[in-house]
Amino acid sequence: MNIRKFLEEKTRKHLEKLGVENPPLIKTASRPEHGHYQANGIMAAAKEKGLNPRELAKEVVSSIETEESSDSFNLEIAGPGFINITISKAWINQILSIISKDVRLGVSTQKRKKFLTDYSSPNLAKEMHIGHLRSTTIGDACSRILEFLGHQVIRTNHVGDWGSQFGSLLAYMNKLSKEEIALASELKDLENFYRKASQLWREDQKFADEARKFVVKLQSKDPECLELWSKFIEESMKHCQAVYDQLNISLKQEHVVAESFYNEKLESIVKDLTEKNLIAISDGAKCVFLEEWVGKDGEPTPAIIQKSDGGFPYITTDLAAARHRSQELNIDEALYFVDARQTLHFRQLFHIALKAGFTRKDQSFRHIPNGIILSKEGKPYKTRQGGAVKLAEVLKESISRAKSLVSDKNSALSEQEQIIIAEIVGIGAIKYAELSKNRNTDYVFDWEKMLSFEGNTAPYLQYAYTRIKGILNKSKRSNEKLSSDFSLQDPYEIQLALKLAQFTEAVESVVEDYQPNLLCNYLFELSQFFMTFYENCPVNTAEERIKISRLNLCDLTGRVLKKGLELLGIEVLDRM
RNA sequence: GCGCUGGUAGCUCAGCUGGAUAGAGCAUCUGGCUACGAACCAGAAGGUCGGGGGUUCGACUCCCUCCCAGCGCGCCA
């Protein structure tokens, strides 16, 4: 039950009856004095029709009131032509009673589509760093939400497992095994491994030559080289999976479709483009020239499909992937959760793919960009040594901070329990910090801020949840099935109840433009309303009828909080 | 040079297809724990929404222009 949409449709119907096509534009009221919802569209409609806005509002209101004769809501004309809508207590109680019996908590499903979500996609030559956090958490949350809304979601981890950067890594592996140094322990710290390899590449001429040979060997599928390569890939993938598991990211091994998967298809991409007369040769490279974009010289920008040395750049792999997703997987919508710096690349990619017939017009291929992480100085974030900050380190730090906070606040808990709590709180805090910000803007990485456990953070929401559990436990009714009777009267109860009824609005709003921060905002406001209710409305000491109603309200709040956080990939706790 | 982002309170950020007096959190100040858990609550203070034009009943939101910052623009991914 989406109250906003219900009111929108109702008002629209009556506007049409009056010969007005414009949408009523129902929104949640900007301030409490204006009721719960407000219609903003009457003024614009009146203007277009040359009518007096207040008169039109009056006509709409009387049309609704005479025909609907509903005691669900009250309408009031205000200001230059707003219609303020107040939902009746009776209706709110009724709605809560319905959604409390619903496992979906009032969230309806959408028309089922086949989605593909491409996110995380780390380069396996390096260890995952903090920069991967955004694509990974945002893509994962959106995948969960799309699924919850009834869509089919094909998660895809387009990992980078191919390219010249593997030359020096393989050469270094080869060197180590010749020197009989145990590979396993060296590979434990991939970042260090990568650093050593690239240092050798820069400083040792012989090693650099060896590395180049390995690139050629890899491309020509030399069996020994492939064996080394797959050993490295396997090890690196293990690192990633460990991070996903710890971060509660739903990506699994089965979602990996690596770049190398498309190796055999690249020739045919060039062939197809050539047959469509889209290829031009420039300085020995096969290019698609795009009139739509001009470069520094004012000339059309070429997208290089095959380099003059015969190699394929990554746009060719991406074209092959797009074709595969369109033709083999037959998806309706593909969402690429990738860094905003690649915006131009994706525009060109989708443009060429469509032009070449690799994708269809009725399919949607979209880049969902995210900002990058900056230091306090506003520069891209790096360690003091200039390296990337390991994601695993960030998680470790967060959990350790959560641990000391837990033992500080609640030392009565056993050590074992504290460790479990610290894990959930620490991971939740990091993910929520990412998800609660507008994905589009860059943001400043700051240990203090990122790992803060106060205010609009995951721990605040988790804490609200434990308070609810505390009440339910104390009531001794937590095990027995709660009824769905609501007799809410108090303004604090009504405020919270209406918010609960708006859960579906919040979930649906996320997928309009893939902004999980909207769900975060909702959950935070919900928790704030709960805290206010908690301070003002005693539950367990109230008289029986009110007590039951309030217990139900608490229970439903807990379920919505849990579900909402689950959609963001964050867990809750009974105690913390 | 062209293009894409962004500029909102001291800091970090919301602000939903233009709507009523621009909102949170952090930090600061004041009050509230013999407790349905104070990781909390109540309150105070804090703003010429980068500057300037324009569109209209109404602009943080749309248009123009300028300033500032970041990113991108043929053989890295």
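Residues numbered from 1 in each chain as written. Chains lettered and ligands numbered in written order. Predicted model: local features only at pLDDT ≥ 70, side-chain atom pairs only at ≥ 80, totals over all residues. Heavy atoms only, no water.

**Focus on the overall build of chain A**
And then number 1: When helices and strands are counted, chain A shows 21 helices and 13 strands.
And then number 2: With respect to the three principal axes, the spread of C-alpha positions in chain A is 85 × 65 × 40 Å.
And then number 3: Residue burial in chain A is summarised as follows: out of 576 residues, 53% are buried.
And then number 4: Sequence-distant contacts in chain A: of pairs separated by 6 or more residues, those separated by 24 or more amount to 73%.
And then number 5: When the accessible area of chain A is evaluated, it comes to approximately 27,500 Å², of which 49% is carbon and sulfur surface.
And then number 6: Charge centroids of chain A, computed over 78 positive and 80 negative side chains, lie 1 Å from each other. (Helix = DSSP H or I, 4+ residues; strand = E, 2+ residues; numbered from the N terminus. Buried < 20%, exposed > 50% of the residue type's maximum accessible area, 1.4 Å probe, protein only. Contact = heavy atoms within 4.5 Å. Areas by Shrake-Rupley, 256 points an atom, 1.4 Å probe, with all protein chains shown as cover. Lys, Arg positive; Asp, Glu negative; His and termini not counted. Charge placed at Lys NZ, Arg CZ, Asp CG, Glu CD.)

**Overview of the sheet that holds strand E2 (residues 37-39)**
And then number 1: Here we have 4 strands laid out as an open sheet, ordered E1-E2-E4-E3, and antiparallel in their pairing. Looking along the sheet, the strands with just one partner apiece sit at the ends: strand E1 (26-28) and strand E3 (73-78). Here the strands of the sheet are splayed against their neighbours by 25° on average, with no regard to which way each runs.
And then number 2: Two elements, E3 and strand E4 (residues 82-87), share 6 bridges in a ladder whose sense is antiparallel. Following the sheet pairing, leucine 75 is matched in E4 by isoleucine 85.
And then number 3: On the sheet, helix H1 (residues 3-17) packs against E1, E2, E3 and E4 and is oriented at approximately 150° with respect to E1. (Pairing = 2+ DSSP bridges. Axes fitted to C-alpha atoms, helices over the stretch in contact; angles between N-to-C directions.)

**What to know about unusual backbone geometry**
And then number 1: One non-glycine residue, leucine 25, lies in positive phi territory at about 55°.
And then number 2: Note that leucine 25 resides in the loop between H1 and E1.
And then number 3: Here aspartate 283, not a glycine, exhibits a phi torsion of approximately 50°, which is positive.
And then number 4: Following the sequence through the fold, aspartate 283 ends up in the loop between strand E7 (279-282) and strand E8 (285-294).

**Quick look at the domain arrangement of chain A**
And then number 1: In terms of domain boundaries, chain A breaks down into domain 1 (3-87) and domain 2 (165-249).
And then number 2: The centre of domain 1, based on its C-alpha atoms, is set 65 Å off from the matching centre of domain 2. (Domains from an automatic or database assignment.)

**Some remarks on the sheet that holds E7**
And then number 1: Across the sheet, which stays open at both edges, the 3 strands sit in the order E7-E8-E9 with antiparallel pairing between neighbours. Two strands lie at the open edges of the sheet, namely E7 and strand E9 (300-306), each paired on one side alone. Between one strand and the next, the sheet's axes are offset by a mean angle of 50°, whatever the strand orientation.
And then number 2: Sheet topology note: the E7/E8 ladder contains 4 bridges and is antiparallel. Looking at the pairing, isoleucine 279 lines up with valine 288 of E8.

**A closer look at the environment of alanine 125**
And then number 1: Residue placement: alanine 125 occurs in the loop between strand E5 (114-118) and helix H5 (132-148).
And then number 2: Of the residues examined, alanine 125 reaches a relative accessible area of 1% and is grouped as buried.
And then number 3: Placed 44 residues apart in sequence, alanine 125 and leucine 169 show a C-alpha to C-alpha distance of 7.7 Å.
And then number 4: Not counting chain neighbours up to four residues away, the residues in contact with alanine 125 comprise Gly160, Gln165, Phe166, Leu169, Tyr194 and Phe232.

**Topic: the packing of H1 against helix H3 (residues 53-68)**
And then number 1: Relative to each other, H1 and H3 sit at 110°, their axes nearing to 9 Å. Comparing the axis directions of H1 and H3 gives the class roughly perpendicular. As for the relative orientation of H1 and H3, their crossing is right-handed in sense. On the side of H1, the interface is formed by Lys10, Thr11, Lys13, His14, Leu15 and Lys17, while H3 contributes Val60, Ser63, Ile64, Glu67 and Glu68.
And then number 2: Looking at side-chain class alone, the contact of H1 with H3 contains 3 nonpolar, 3 polar and 5 charged residues. (Parallel < 35°, antiparallel > 145°, perpendicular 65-115°, else oblique. Left-handed = near helix turned anticlockwise from the far one by under 90°. Nonpolar A, V, L, I, M, F, W, Y, C, P; charged D, E, K, R; others polar.)

**Quick word on the packing of helix H8 (residues 190-203) against helix H9 (residues 205-219)**
And then number 1: H9 packs onto H8 with a crossing angle of 115° between their chain directions and a minimal axis gap of 6 Å. Judged by the angle between their axes, H8 and H9 are roughly perpendicular. Crossing hand, H8 versus H9: left-handed. Facing H8, whose interface residues are Ala197, Leu200, Trp201 and Glu203, H9 presents Gln205, Phe207, Ala208, Ala211 and Arg212.

**Focus: the state of the cysteines**
And then number 1: One pass over the structure, following the stated rule, counts 0 disulfides.
And then number 2: Between cysteine 554, a free cysteine, and cysteine 537, which holds the nearest cysteine sulfur, the sulfur-to-sulfur gap is 9.3 Å.
And then number 3: The class for cysteine 554 is buried, based on a relative accessible area of 0%. (Disulfide = S-S within 2.5 Å.)

**Focus on the protein's contact with RNA strand B**
And then number 1: Around RNA strand B, a shell composed of 67 residues is seen, among which Arg31, Asn84, Asn438, Tyr463 and Tyr534 lie nearest.
And then number 2: For RNA strand B, the backbone portion of the atoms within 4 Å of the protein, that is sugar and phosphate, comes to 53%.
And then number 3: A distance of 2.9 Å separates a base oxygen of RNA strand B from a polar atom in the backbone of serine 308.
And then number 4: Here a base nitrogen of RNA strand B sits 2.7 Å away from a polar atom, N or O, in the main chain of methionine 576.
And then number 5: A breakdown of the residues in the surface near RNA strand B according to their chemical character gives 27 nonpolar, 21 polar and 19 charged. (Near = heavy atom within 4 Å. Polar contact = N/O pair within 3.5 Å; in protein donor to acceptor, adjacent residues only side chain to side chain.)

**Brief notes about the environment of leucine 75**
And then number 1: Within the secondary structure, leucine 75 sits in strand E3.
And then number 2: Through-space distance from the C-alpha of leucine 75 to that of valine 60 is 9.9 Å; in sequence the pair is 15 residues apart.
And then number 3: Setting aside chain neighbours within four positions, we find leucine 75 in contact with Val61, Ile64, Glu65, Ile83, Asn84 and Ile85.

**With respect to helix H10 (residues 223-247)**
Count 3.6 residues to each turn of an α-helix, and residues three or four apart come out pointing the same way.
And then number 1: With 25 residues, H10 should cover 36 Å at 1.5 Å per step; its first-to-last C-alpha distance of 36 Å lies within 8% of that length.
And then number 2: At the exit of H10 stands asparagine 248, carrying a positive phi of roughly 60°. (Expected span 1.5 Å × (residues − 1).)

**Regarding the environment of leucine 413**
And then number 1: Within the element layout of this structure, leucine 413 appears in the loop between helix H14 (391-409) and helix H15 (415-435).
And then number 2: Looking at leucine 413, the relative accessible area reads 6%, which means it is buried.
And then number 3: Note: C-alpha distance between leucine 413 and methionine 576 (163 residues apart in sequence) is 8.4 Å.
And then number 4: Leucine 413 has contacts with Val406, Gln418, Ile421, Arg575 and Met576, leaving out every residue within four places of it along the chain.

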